[in-house]
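# Residue-level structural notes
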Amino acid sequence: MSSQRIPHLTSRLQGFGTTIFADITRLALEHQAINLGQGFPDFDGASGIKEAAKAALDAGHNQYARSHGVPALNAAIAAHQRQAYGLDYDPDSEVTVYSGATEALAVALQALCEVGDEVVLFEPVYDSYRAGIAMAGATPRVVPLLPPSDPGSGDKAAPLTTARFTYDPEALERAITAKTRLLLLNTPHNPTGKVFTRVELEHIARLCTQHDLIAVTDEVYEHLVYEGSHLCLASLPGMKERTVVISSAGKTFSFTGWKVGWSTAPAELTRALRVAHQFITFATATPLQHAVASALGAGEESYRELATRYRALRDRLGAGLRELGFSVHVPEGGYFICADIRPLGLRSGRALCQRLPEVAGVAAIPASAFYLTDGAGDELVRFAFCKREATLDEGLARLQKHLSAIRALGV
Ligand code: PMP
Ligand code: GLN
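In this convention, every chain numbers its residues from 1, walking through the sequence in written order. Each chain takes a letter, starting from A, and each ligand takes a number, starting from 1, following the order in which they are written. Under the rules for a predicted model, residues below a pLDDT of 70 receive no local features and side-chain atom pairs below 80 are neither given nor counted, while totals for whole chains, interfaces and linings still include all residues. Only hydrogens and water are set aside; all other atoms, that is, all heavy atoms of the structure, feed into the side-chain values.

## Some points on the sheet that holds strand β6 (residues 214–218)
The test is simple: Here a strand pair is declared whenever DSSP counts at least two bridges between the two strands. Put simply, DSSP marks the helices as runs of H or I at least four residues long and the strands as runs of E at least two long, and each gets a number from the N terminus on. Between N-to-C directions, angles cover 0 to 180 degrees, with each direction set by a line fitted to C-alpha atoms, over the stretch in contact for helices. Any two residues whose heavy atoms approach within 4.5 Å are treated as being in contact.
With mixed pairing, seven strands are arranged side by side in an open sheet as β2-β8-β7-β6-β5-β3-β4. Unpaired on one side and paired on the other, β2 (95–98) and β4 (139–144) mark the two borders of the sheet. Ignoring which end each strand starts from, the neighbouring axes of this sheet average 20° apart. Where strand β3 (residues 118–123) lies against strand β5 (residues 180–186), four bridges are found, and the strand directions are parallel. Considered in β5, the bridge of Glu118 is made with Thr180. Against the sheet, helix α5 (residues 127–135) makes contact with β3, β4, β5 and β6, and its axis sits at roughly 170° relative to β3, the strand it touches most.

## What to know about the pairing of strand β8 (residues 261–264)
Definition in use: Throughout, exposure labels follow a simple rule: accessible area from a 1.4 Å probe, protein chains only, divided by the maximum for the residue type, with under 20% read as buried, over 50% as exposed, and the rest as partly exposed.
Of the two faces of β8, the one carrying Gly261 and Ser263 and the one carrying Trp262 and Thr264 are both buried. For β2 and β8, the ladder comprises four bridges, and the chain directions are antiparallel. Within the sheet, the bridge partner assigned to Thr96 lies in β8 and is Ser263.

## A short note on helix α4 (residues 100–112)
To be explicit about the condition: Every helix has an expected span of 1.5 Å times one less than the residues it contains.
Given a rise of 1.5 Å per residue, 13 residues ought to cover 18 Å, and the 18 Å separating the end C-alpha atoms of α4 matches this to within 8%. Those residues of α4 not exposed but buried are Gly100, Ala101, Glu103, Ala104, Leu105, Val107, Ala108, Leu109 and Leu112.

## What about the pattern of salt bridges?
For side chains bearing opposite charge, pairing can occur when the charged atoms are close. Using the following cut-off: Throughout this description, the term salt bridge denotes a Lys or Arg side-chain nitrogen within 4 Å of a carboxyl oxygen of Asp or Glu.
Evaluation of the coordinates by the stated rule reveals 20 salt bridges. What you see here is one network of salt bridges that share partners, running through Asp23, Arg26 and Glu30.

## Regarding the site of ligand 2
As a reminder, the rule being used: Here a residue counts as near a molecule or strand whenever at least one of its heavy atoms sits within 4 Å of it. In protein, a polar contact requires one atom able to donate a hydrogen and another able to accept it; more generally it is a pair of N or O atoms within 3.5 Å, and residues adjacent in sequence count only if both atoms are side-chain atoms. Only the protein chains shown count as covering a residue, and every accessible area follows the Shrake-Rupley method with a 1.4 Å probe. Each residue gets one of three labels, nonpolar for Ala, Val, Leu, Ile, Met, Phe, Trp, Tyr, Cys and Pro, charged for Asp, Glu, Lys and Arg, and polar for the others, Gly among them.
Surrounding ligand 2, one finds Phe21, Gln38, Gly39, Tyr126, Asn190, Phe336 and Arg382. Within the contact set of ligand 2, an oxygen atom lies 2.9 Å away from a side-chain nitrogen or oxygen of Asn190. At a separation of 2.7 Å, an oxygen atom of ligand 2 approaches a polar side-chain atom of Arg382. Here ligand 2, which alone exposes 300 Å², has 79% of that area covered by the protein. Here the shell around ligand 2 is built from residues that sort into three nonpolar, three polar and one charged.

## Details of the side chain of Thr243
With respect to the element layout, Thr243 can be found in strand β7 (residues 243–248). A polar contact is formed between the side chain of Thr243 and the backbone oxygen of Met239, at a distance of 2.7 Å. If near-sequence neighbours (up to four positions away) are discounted, Thr243 is found in contact with Ala215, Thr217, Ala234, Thr264, Ala265, Pro266 and Leu269.

## Things to note about helix α13 (residues 389–401)
The condition that has to hold: Each direction from the helix axis to a C-beta atom contributes to the arc, which is the arc of those directions.
With 13 residues, α13 should cover 18 Å at 1.5 Å per step; its first-to-last C-alpha distance of 18 Å lies within 8% of that length. Residues of α13 that are buried: Thr391, Leu392, Gly395, Leu396 and Leu399. The buried residues of α13 all sit within an arc of 130° when viewed along its axis, so they share a single face. Exposed residues lying more than 90 degrees from the buried face of α13 are Ala390 and Lys401. Tucked into the core, α13 has its buried residues touching β1 (34–35), α11 (300–324), α12 (349–360), β11 (362–363), β13 (380–384) and α14 (403–409).

## Brief notes about unusual backbone geometry
Cis geometry is found at the peptide bond from Glu123 to Pro124, where omega equals 10°. For Pro124, the position within the fold is in the loop between β3 and α5. Of note, the phi angle at Gln32 is positive, near 45°, even though the residue is not glycine. If you trace the backbone, Gln32 turns up in the loop between α1 (20–30) and β1. Owing to a relative accessible area of 66%, Gln32 belongs among the exposed residues under this scheme.

## Side note on the site of ligand 1
The immediate surroundings of ligand 1 are formed by Gly100, Ala101, Thr102, Tyr126, Asn186, Asn190, Asp218, Val220, Tyr221, Ser248, Lys251 and Lys259. Contacts to ligand 1 include Tyr221, whose side-chain N or O atom sits 2.6 Å from an oxygen atom. Contact between ligand 1 and Lys259: an oxygen atom at 2.6 Å from a side-chain N or O atom of the residue. If one sorts the elements of the shell around ligand 1 by residue count, α4 sits on top with three residues. A class-by-class count of the residues in the shell around ligand 1 yields four nonpolar, five polar and three charged.

## Observations regarding the sheet that holds strand β9 (residues 327–329)
The strands making up a sheet are joined through hydrogen bonds of the backbone, oriented either antiparallel or parallel. A sheet is described by the order of its strands in space; here four strands give the open sequence β9-β10-β13-β12, paired in antiparallel fashion. Only two strands of the sheet have a single neighbouring strand rather than two, namely β9 and β12 (365–366). When strand β10 (residues 336–340) meets β13, the two strands line up antiparallel, connected through five bridges. Each residue of the ladder has a partner; that of Ile337, found in β13, is Phe383. Of the strands in this sheet, β9, β10 and β13 touch α11, which is tilted by about 10° from β10.

## Comments concerning the environment of Phe326
Note that Phe326 resides in the loop between α11 and β9. You can call Phe326 buried: its relative accessible area is 6%. Considered as a pair, Phe326 and Ile341 are 15 residues apart in the sequence and their alpha carbons are 5.6 Å apart. Not counting residues within four places of it along the chain, the set of residues in contact with Phe326 comprises Leu321, Ala339, Asp340, Ile341, Leu344 and Phe383.

And the structure:
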């Protein structure tokens, strides 16, 4: 959050300024840095999916789509939810297409929260949630995710082990009040890479049913899981009827710039979501919807290949960062590694990330940008590994070359 007041901006949005991703990408461009900050692949998705987009353009799929999605995509999303999670949704009344998961999340908050309602979520929190909650006039109540006490140890010869962030079940129970309307859950989680376990999801499900809460789940990294397996909260008993499941094509197919997202939710909730969606974007780019429909049809094998590729990239970056002296939280899923900077004699990830592009020619995101609690998470820096091997190697080489200068920052 920025303390600078922006003229004309409503009080609801004061403090939001520019997103950390845009800020750091600007710095990366300015200093020609290797961008391990904003989470986007530096390679293209499958050529067959691009061909499908071109074919859709040529076939004349160029006018407004149906507001809730082109029928082929709604059908492909419903089929995906059935195959992946055994969840049955009606393509016409229970599936909605948006301009990215970002829009779906904002729509869910606008459509489902009254002004003054509370939204419970785990901290660190993906940045758009906080702004979405503010725009809806609601209030966030956070439950901290607790880092493992020994992140990958200092022993460089030991194998990298994954870091399981946990939460205190009582803290979650305390966060729920009479004003709680929604529980917003991101699994696999950005930025920690946590994949919520069955036991945790069962606990969350119990609380949702007990307190009659709606769950909104952000599952954009559903196919990027390296340890354990992704479970959909909606697939637990009693949850489908109260859950809005959100995902998008960006991460799964390596086309983050296409911004095609979706929700699956029971008809009654979907009806509410669509009222907001039709006045926010109305509809999403028509040819890209056709291409994503064909991509979803390609299925399982491509998801497995991508996860295998990313697991190797995660391990490459993780080992390299540990070699440099960071304490590395190896993620169970997602795109990112959070590294603790304290073993390098540094304290402020925010100050470090502001200087890193200039000093070392590498960009990364301060994890503190994901914390609502003042000062929390400042010892963590988030590095993206959704990059080519050569990009990761060059980033690591630059960090190595400038390690003394980085330490000398003394931030
Ligand atoms: N949720 C999370 C957890 C994310 O990391 C991102 C960033 N990709 C989004 C939502 C936004 O997804 P989209 O690009 O589809 O809007
Ligand atoms: N989700 C991406 C990340 O966490 C950023 C997307 C964006 O820039 N809005 O890096």
